[in-house]
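Chains, contacts and geometry: an overview
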Amino acid sequence: VADSRALLDLSVVREYPYPIDVVWEACTSTQALVHWFGREHAPAISFVADIRPGGAWRACLTRGETVRPLYVSGHYLEIDPPNVLVFTFRCEGDHHEDGPGVETEVTMELEALAAHRTRLTIGQIGLRSAESVGGHQHGWESCMDRLGAWLRARYASSTEVGASRVKVRRGQAT
Amino acid sequence: MDNLSTTFYALADPTRRAILARLSRGETTLSELARPFDMTVPAVAKHVRVLEEAGLVRRGLRGPTRPIRLQPRALRGAHQWMERYREFWDTSLDRLGAYLAHTAERQRGR
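Residues numbered from 1 in each chain as written. Chains lettered and ligands numbered in written order. Predicted model: local features only at pLDDT ≥ 70, side-chain atom pairs only at ≥ 80, totals over all residues. Heavy atoms only, no water.

**Let's talk about the overall build of chain A**
Quick note on the threshold: Numbering of helices and strands runs from the N terminus, with a helix taken as a DSSP run of H or I at least four residues long and a strand as a DSSP run of E at least two residues long. Exposure is judged per residue with a 1.4 Å probe applied to protein chains only, and the accessible area is read against the type maximum: over 50% gives exposed, under 20% gives buried, and values in between give partly exposed. The contact definition used throughout considers only heavy atoms, calling two residues in contact when any of these lie within 4.5 Å. The accessible surface values rely on the Shrake-Rupley method and a 1.4 Å probe; as for residues, cover is taken only from the protein chains in view.
Secondary structure summary: chain A contains five helices and eight strands in total. For chain A, the succession of helices and strands along the chain, N to C, is α-β-α-α-β-β-β-β-β-β-β-α-α. The burial tally for chain A puts 46% of its 174 residues in the buried class. Looking at chain A alone, contacts between residues at least 24 apart form 51% of all its contacts between residues at least 6 apart. Of the roughly 8,700 Å² that chain A leaves accessible, carbon and sulfur atoms contribute 52%.

**As for the interface of chain A and chain B**
Going by this rule: The salt bridge criterion pairs a side-chain nitrogen of Lys or Arg with a carboxyl oxygen of Asp or Glu, the two atoms within 4 Å. A 3.5 Å cut-off defines polar contacts: any pair of N or O atoms within that distance qualifies, except that in protein one atom must be a possible hydrogen donor and the other a possible acceptor, and neighbouring residues in sequence count only when both atoms are side-chain atoms. Each residue receives one of three labels: charged for Asp, Glu, Lys and Arg, nonpolar for Ala, Val, Leu, Ile, Met, Phe, Trp, Tyr, Cys and Pro, and polar for the others, Gly being one of them.
Listed per partner, the contact involves 19 residues of chain A and 19 residues of chain B. One can count four salt bridges joining chain A with chain B. Note that K46 of chain B is salt-bridged to D9 of chain A, the shortest N-O span being 3.4 Å. Summed over the shared surface of chain A and chain B, the number is eight residue pairs in polar contact (both at pLDDT 80 or more). Among the elements of the structure, α1 (4-7), β5 (70-80), β6 (84-91), β7 (104-112) and β8 (118-125) of chain A are those that each provide at least two residues to the side of chain A that touches chain B. Here the element with the most residues in the side of chain A that touches chain B is β5 of chain A; it accounts for four residues. Residues of the side of chain A that touches chain B, tallied by class, amount to six nonpolar, six polar and seven charged.

**Here's the deal with helix α1 (residues 3-11) of chain B**
All names here are of chain B. Our working rule: The arc in question is formed by the directions pointing from the helix axis toward the C-beta atoms.
Listed in full, the buried residues belonging to α1 are T6, T7, A10 and L11. Buried residues of α1, viewed axially, fall in a sector of 130°; they line one side. Residue D2 occupies the N-cap position of α1, its side-chain oxygen lying 3.2 Å from the main-chain nitrogen of L4.

**Details of the pattern of salt bridges**
Note that side chains of opposite charge can pair when their charged atoms are close. The final tally for this structure, using the stated rule, is 15 salt bridges over all chains. Across the pair E105 of chain A and R59 of chain B runs a salt bridge whose closest N-O atoms are separated by 3.7 Å. Linking E105 of chain A in strand β7 with R59 of chain B in strand β1 (residues 57-59), this pair reaches from one chain into another. The burial state of E105 of chain A is the same as that of R59 of chain B; both residues are buried.

**A short note on the side chain of E109 of chain A**
The criterion, for reference: Under this rule, positive means Lys or Arg and negative means Asp or Glu; His and the chain ends count for nothing.
By the element assignment, E109 of chain A lies in strand β7. Of the buried charged residues, E109 of chain A lacks a salt bridge, with R119 of chain A as the closest side chain of opposite charge at 7.8 Å. At 2.8 Å, the side chain of E109 of chain A forms a polar contact with the backbone nitrogen of V41 of chain B. Ignoring anything within four residues of it in the chain, the contact list for E109 of chain A reads N83, R119, L120 and T121 of chain A together with T40, V41 and P42 of chain B.

**Focus on the packing of helix α2 (residues 20-28) of chain A against helix α4 (residues 130-154) of chain A**
All names here are of chain A. Filter applied, for reference: Lines are fitted to the C-alpha atoms to define the axes, a helix being fitted only along its stretch in contact, and any angle between axes, read from their N-to-C directions, falls within 0 to 180 degrees. Roughly parallel means an angle under 35 degrees; roughly antiparallel means over 145; roughly perpendicular covers 65 to 115; every other angle is labelled oblique. Handedness of a crossing follows from how the near helix is turned relative to the far one, being left-handed for an anticlockwise turn of less than a right angle and right-handed for a clockwise one.
Axis separation between α2 and α4 bottoms out at 12 Å; the angle between their running directions is 120°. For the element pair α2 / α4, the angle class is oblique. In this structure, α2 crosses over α4, and the sense of that crossing is right-handed. The segment α2 lies against α4, with V22, V23 and A26 engaging L147, W150 and L151. Here the residues of the contact of α2 with α4 are counted per class, giving six nonpolar, no polar and no charged.

**Concerning the packing of aromatic side chains**
Selection rule: Put simply, two rings from Phe, Tyr or Trp (the six-membered ring, in Trp's case) pair if the centres are within 6.5 Å, and we call them stacked under 30 degrees between planes, edge-to-face over 60, tilted for the rest. We count a charge as sitting over a ring when the NZ of a lysine or the CZ of an arginine lies within 6 Å of the ring centre and within 35 degrees of the ring normal.
Following the criterion strictly, the structure yields 13 aromatic pairs over all chains and no others. On the numbers, 5.1 Å between centres and 45° between planes, the contact of W81 of chain B with Y85 of chain B is tilted. In this pair, W81 of chain B and Y85 of chain B are both assigned in helix α5 (residues 76-109), four residues apart and thus about one turn of the helix distant. Overall, the relative accessible area of 43% leaves Y85 of chain B in the partly exposed class. Aromatic ring contacts, followed pair by pair, group W36, F37, F47, W57, Y76, F87, F89 and W140 of chain A into a single cluster. Stacked on the ring of Y71 of chain A, the Lys or Arg R58 of chain A has its end atom at 4.0 Å from the ring centre.

**Let's talk about the packing of helix α2 (residues 14-23) of chain B against helix α4 (residues 41-53) of chain B**
Residues and elements named next belong to chain B. The contact between α2 and α4 brings their axes to 10 Å, and the two run at 75°. Looking at the two axes, α2 sits roughly perpendicular to α4. Residues T15, R16, I19 and L20 of α2 form the contact with α4, whose own contacting residues are V44, H47, V48, V50 and L51. Taken together, the residues that form the contact of α2 with α4 break down as six nonpolar, two polar and one charged.

Following this line, the structure appears as C-alpha coordinates:
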(Lines give C-alpha, C1' and ligand atoms only; values in the text may rest on other atoms or scores of the structure.)
Protein backbone atom coordinates (compact mmCIF):
# COMPACT_ATOMS: atom_id res chain seq x y z
CA VAL A 1 0.00 0.00 0.00
CA ALA A 2 1.50 3.30 -1.09
CA ASP A 3 1.72 6.14 1.38
CA SER A 4 -0.96 8.61 0.31
CA ARG A 5 1.28 11.52 1.32
CA ALA A 6 3.81 10.50 -1.29
CA LEU A 7 1.23 11.14 -4.01
CA LEU A 8 0.49 14.69 -2.93
CA ASP A 9 2.99 16.50 -5.03
CA LEU A 10 2.89 17.92 -8.51
CA SER A 11 5.30 18.42 -11.32
CA VAL A 12 4.83 20.38 -14.54
CA VAL A 13 7.28 20.37 -17.47
CA ARG A 14 7.64 22.77 -20.41
CA GLU A 15 10.27 23.32 -23.06
CA TYR A 16 11.08 26.79 -24.31
CA PRO A 17 12.95 27.66 -27.53
CA TYR A 18 15.31 29.99 -25.64
CA PRO A 19 18.74 29.53 -24.06
CA ILE A 20 18.95 28.58 -20.41
CA ASP A 21 20.31 31.99 -19.32
CA VAL A 22 17.24 33.72 -20.75
CA VAL A 23 14.82 31.37 -18.97
CA TRP A 24 16.85 31.60 -15.75
CA GLU A 25 16.64 35.38 -15.88
CA ALA A 26 12.88 35.19 -16.40
CA CYS A 27 12.64 33.07 -13.23
CA THR A 28 14.91 35.24 -11.10
CA SER A 29 14.14 38.82 -12.06
CA THR A 30 11.16 40.57 -10.47
CA GLN A 31 10.66 42.66 -13.63
CA ALA A 32 10.16 39.42 -15.57
CA LEU A 33 8.29 37.48 -12.85
CA VAL A 34 5.56 40.11 -12.56
CA HIS A 35 4.71 39.44 -16.22
CA TRP A 36 4.24 35.68 -15.98
CA PHE A 37 3.68 34.72 -12.34
CA GLY A 38 0.09 33.84 -11.48
CA ARG A 39 -2.50 32.15 -13.64
CA GLU A 40 -4.22 33.75 -16.60
CA HIS A 41 -7.32 34.67 -14.57
CA ALA A 42 -5.31 35.74 -11.52
CA PRO A 43 -2.11 37.34 -12.84
CA ALA A 44 0.47 39.00 -10.62
CA ILE A 45 0.23 42.78 -10.38
CA SER A 46 3.31 43.03 -8.21
CA PHE A 47 6.27 40.81 -7.42
CA VAL A 48 8.71 41.91 -4.74
CA ALA A 49 11.68 39.70 -3.99
CA ASP A 50 15.08 39.64 -2.38
CA ILE A 51 16.45 36.89 -4.58
CA ARG A 52 19.20 35.32 -2.49
CA PRO A 53 19.17 32.36 -0.08
CA GLY A 54 17.01 33.30 2.91
CA GLY A 55 15.54 36.30 1.06
CA ALA A 56 11.78 36.86 1.07
CA TRP A 57 9.41 37.14 -1.90
CA ARG A 58 5.81 38.26 -2.11
CA ALA A 59 3.42 38.49 -5.04
CA CYS A 60 0.01 40.10 -5.26
CA LEU A 61 -2.36 38.25 -7.57
CA THR A 62 -5.41 40.10 -8.78
CA ARG A 63 -8.63 38.19 -9.34
CA GLY A 64 -10.88 40.84 -10.83
CA GLU A 65 -12.17 44.07 -9.34
CA THR A 66 -14.84 42.52 -7.15
CA VAL A 67 -12.62 39.94 -5.43
CA ARG A 68 -9.93 40.88 -2.95
CA PRO A 69 -6.40 40.29 -4.26
CA LEU A 70 -4.54 37.21 -3.15
CA TYR A 71 -1.06 37.48 -1.65
CA VAL A 72 1.34 34.59 -2.00
CA SER A 73 4.76 34.65 -0.38
CA GLY A 74 7.73 32.72 0.94
CA HIS A 75 11.48 32.79 1.01
CA TYR A 76 14.26 31.45 -1.14
CA LEU A 77 16.01 28.31 0.05
CA GLU A 78 18.44 27.59 -2.77
CA ILE A 79 19.68 29.49 -5.78
CA ASP A 80 22.06 27.56 -8.02
CA PRO A 81 22.29 29.47 -11.32
CA PRO A 82 21.30 28.68 -13.99
CA ASN A 83 19.77 25.35 -12.97
CA VAL A 84 18.01 25.20 -9.62
CA LEU A 85 15.74 27.54 -7.68
CA VAL A 86 14.04 26.37 -4.47
CA PHE A 87 11.66 28.51 -2.44
CA THR A 88 8.87 28.16 0.10
CA PHE A 89 5.37 29.07 -1.02
CA ARG A 90 2.23 29.82 0.95
CA CYS A 91 -1.04 31.61 0.37
CA GLU A 92 -1.62 34.36 2.89
CA GLY A 93 -4.97 34.73 4.63
CA ASP A 94 -7.55 31.97 4.45
CA HIS A 95 -7.39 31.39 0.69
CA HIS A 96 -5.62 28.05 0.72
CA GLU A 97 -7.70 24.91 0.07
CA ASP A 98 -5.72 23.13 2.80
CA GLY A 99 -6.37 25.84 5.38
CA PRO A 100 -4.37 28.91 6.38
CA GLY A 101 -0.62 28.90 6.85
CA VAL A 102 0.22 25.75 4.89
CA GLU A 103 3.81 26.17 3.75
CA THR A 104 4.82 24.26 0.66
CA GLU A 105 8.12 24.02 -1.21
CA VAL A 106 8.56 24.81 -4.88
CA THR A 107 11.50 23.58 -6.94
CA MET A 108 12.30 24.94 -10.38
CA GLU A 109 14.83 23.07 -12.46
CA LEU A 110 16.20 24.32 -15.76
CA GLU A 111 18.04 22.03 -18.15
CA ALA A 112 19.88 23.21 -21.24
CA LEU A 113 18.83 21.18 -24.29
CA ALA A 114 20.23 21.05 -27.83
CA ALA A 115 19.60 24.00 -30.19
CA HIS A 116 19.47 26.57 -27.37
CA ARG A 117 16.29 25.14 -25.93
CA THR A 118 15.55 24.89 -22.23
CA ARG A 119 13.42 22.46 -20.25
CA LEU A 120 11.77 23.88 -17.14
CA THR A 121 10.36 21.52 -14.50
CA ILE A 122 8.38 23.00 -11.63
CA GLY A 123 7.56 20.78 -8.67
CA GLN A 124 5.63 21.57 -5.52
CA ILE A 125 5.53 19.45 -2.37
CA GLY A 126 3.68 19.76 0.90
CA LEU A 127 0.15 20.21 -0.46
CA ARG A 128 -2.34 18.35 1.71
CA SER A 129 -5.33 17.52 -0.46
CA ALA A 130 -6.05 16.29 -3.97
CA GLU A 131 -8.13 19.43 -4.49
CA SER A 132 -5.21 21.75 -3.79
CA VAL A 133 -2.85 19.63 -5.91
CA GLY A 134 -5.27 20.01 -8.84
CA GLY A 135 -5.63 23.75 -8.27
CA HIS A 136 -1.89 24.39 -8.00
CA GLN A 137 -1.16 22.14 -10.98
CA HIS A 138 -3.47 24.25 -13.15
CA GLY A 139 -1.90 27.37 -11.66
CA TRP A 140 1.65 26.38 -12.63
CA GLU A 141 0.54 25.21 -16.09
CA SER A 142 -1.02 28.61 -16.66
CA CYS A 143 2.12 30.36 -15.33
CA MET A 144 4.31 28.35 -17.69
CA ASP A 145 2.08 29.16 -20.65
CA ARG A 146 2.30 32.83 -19.72
CA LEU A 147 6.08 32.56 -19.41
CA GLY A 148 6.19 31.13 -22.95
CA ALA A 149 4.01 33.96 -24.26
CA TRP A 150 6.10 36.58 -22.46
CA LEU A 151 9.35 35.16 -23.87
CA ARG A 152 7.83 35.12 -27.37
CA ALA A 153 6.68 38.73 -27.08
CA ARG A 154 10.05 39.81 -25.76
CA TYR A 155 12.28 37.89 -28.12
CA ALA A 156 10.98 37.16 -31.59
CA SER A 157 13.47 34.27 -32.04
CA SER A 158 16.43 32.76 -30.22
CA THR A 159 18.89 34.38 -32.66
CA GLU A 160 17.57 37.77 -31.64
CA VAL A 161 18.05 36.85 -27.97
CA GLY A 162 21.79 36.69 -28.55
CA ALA A 163 21.75 39.99 -30.45
CA SER A 164 19.78 41.86 -27.81
CA ARG A 165 22.02 40.55 -25.03
CA VAL A 166 25.12 41.74 -26.86
CA LYS A 167 23.47 45.14 -27.26
CA VAL A 168 22.75 45.31 -23.52
CA ARG A 169 26.37 44.48 -22.68
CA ARG A 170 27.65 47.14 -25.09
CA GLY A 171 25.23 49.65 -23.60
CA GLN A 172 26.54 48.94 -20.12
CA ALA A 173 30.16 49.19 -21.24
CA THR A 174 29.80 52.68 -22.70
CA MET B 1 1.30 5.46 10.47
CA ASP B 2 3.19 4.93 13.72
CA ASN B 3 6.78 6.17 14.02
CA LEU B 4 8.39 2.83 13.24
CA SER B 5 6.29 2.36 10.09
CA THR B 6 7.09 5.91 8.95
CA THR B 7 10.81 5.26 9.46
CA PHE B 8 10.83 1.94 7.60
CA TYR B 9 8.62 3.35 4.83
CA ALA B 10 11.14 6.17 4.36
CA LEU B 11 14.03 3.66 4.31
CA ALA B 12 12.29 1.29 1.87
CA ASP B 13 13.64 3.06 -1.21
CA PRO B 14 17.17 2.91 -2.67
CA THR B 15 17.20 6.60 -3.65
CA ARG B 16 16.26 7.67 -0.14
CA ARG B 17 18.91 5.39 1.37
CA ALA B 18 21.49 6.87 -1.01
CA ILE B 19 20.41 10.37 0.08
CA LEU B 20 20.91 9.37 3.74
CA ALA B 21 24.32 7.91 2.92
CA ARG B 22 25.34 11.18 1.24
CA LEU B 23 24.07 13.22 4.20
CA SER B 24 25.98 11.03 6.66
CA ARG B 25 29.11 12.62 5.13
CA GLY B 26 27.82 16.14 5.84
CA GLU B 27 25.02 18.62 5.18
CA THR B 28 24.33 19.82 1.66
CA THR B 29 21.79 21.50 -0.66
CA LEU B 30 19.01 19.88 -2.66
CA SER B 31 20.73 20.91 -5.86
CA GLU B 32 23.92 19.10 -4.78
CA LEU B 33 21.99 16.06 -3.51
CA ALA B 34 20.22 15.63 -6.85
CA ARG B 35 23.40 15.67 -8.95
CA PRO B 36 24.31 11.94 -8.87
CA PHE B 37 20.75 10.80 -9.58
CA ASP B 38 19.19 10.30 -12.98
CA MET B 39 16.02 12.14 -11.97
CA THR B 40 14.79 15.71 -11.81
CA VAL B 41 15.48 17.96 -8.82
CA PRO B 42 11.72 18.13 -8.04
CA ALA B 43 11.67 14.30 -7.91
CA VAL B 44 14.60 14.29 -5.48
CA ALA B 45 12.85 17.03 -3.47
CA LYS B 46 9.91 14.66 -3.08
CA HIS B 47 12.18 11.93 -1.65
CA VAL B 48 13.73 14.47 0.72
CA ARG B 49 10.24 15.45 1.87
CA VAL B 50 9.43 11.80 2.73
CA LEU B 51 12.65 11.62 4.77
CA GLU B 52 11.77 14.96 6.38
CA GLU B 53 8.32 13.72 7.40
CA ALA B 54 9.94 10.66 8.98
CA GLY B 55 12.21 13.05 10.92
CA LEU B 56 15.33 11.57 9.31
CA VAL B 57 16.50 14.82 7.71
CA ARG B 58 15.69 18.49 8.11
CA ARG B 59 16.58 21.83 6.63
CA GLY B 60 18.75 23.89 8.93
CA LEU B 61 16.85 26.85 10.36
CA ARG B 62 19.79 29.18 10.69
CA GLY B 63 21.95 30.64 7.97
CA PRO B 64 20.90 31.84 4.55
CA THR B 65 21.53 28.60 2.68
CA ARG B 66 19.49 26.39 5.03
CA PRO B 67 21.26 23.14 4.08
CA ILE B 68 19.67 19.71 4.43
CA ARG B 69 21.12 17.63 7.25
CA LEU B 70 20.79 14.15 8.67
CA GLN B 71 18.88 13.70 11.95
CA PRO B 72 20.39 10.38 13.05
CA ARG B 73 18.43 10.29 16.33
CA ALA B 74 15.30 9.50 14.35
CA LEU B 75 16.88 6.13 13.48
CA ARG B 76 17.03 5.18 17.16
CA GLY B 77 13.56 3.58 17.19
CA ALA B 78 14.39 1.41 14.18
CA HIS B 79 17.77 0.52 15.66
CA GLN B 80 16.21 -0.52 19.00
CA TRP B 81 13.67 -2.64 17.16
CA MET B 82 16.40 -4.46 15.22
CA GLU B 83 18.57 -4.78 18.30
CA ARG B 84 16.04 -7.12 19.91
CA TYR B 85 16.42 -9.53 16.97
CA ARG B 86 20.18 -9.27 17.07
CA GLU B 87 20.06 -10.40 20.73
CA PHE B 88 17.79 -13.24 19.70
CA TRP B 89 20.23 -14.43 17.04
CA ASP B 90 23.24 -13.93 19.28
CA THR B 91 21.65 -16.17 21.91
CA SER B 92 20.52 -18.71 19.32
CA LEU B 93 23.91 -18.86 17.66
CA ASP B 94 25.61 -19.27 21.05
CA ARG B 95 23.32 -22.23 21.76
CA LEU B 96 23.97 -23.68 18.29
CA GLY B 97 27.70 -23.40 18.97
CA ALA B 98 27.33 -25.21 22.30
CA TYR B 99 25.23 -27.94 20.67
CA LEU B 100 27.77 -28.51 17.88
CA ALA B 101 30.66 -28.66 20.36
CA HIS B 102 28.75 -31.17 22.45
CA THR B 103 27.90 -33.34 19.40
CA ALA B 104 31.49 -33.30 18.16
CA GLU B 105 32.71 -34.42 21.58
CA ARG B 106 30.26 -37.30 21.67
CA GLN B 107 31.31 -38.43 18.16
CA ARG B 108 34.95 -38.42 19.20
CA GLY B 109 34.15 -40.43 22.31
CA ARG B 110 32.39 -43.10 20.25
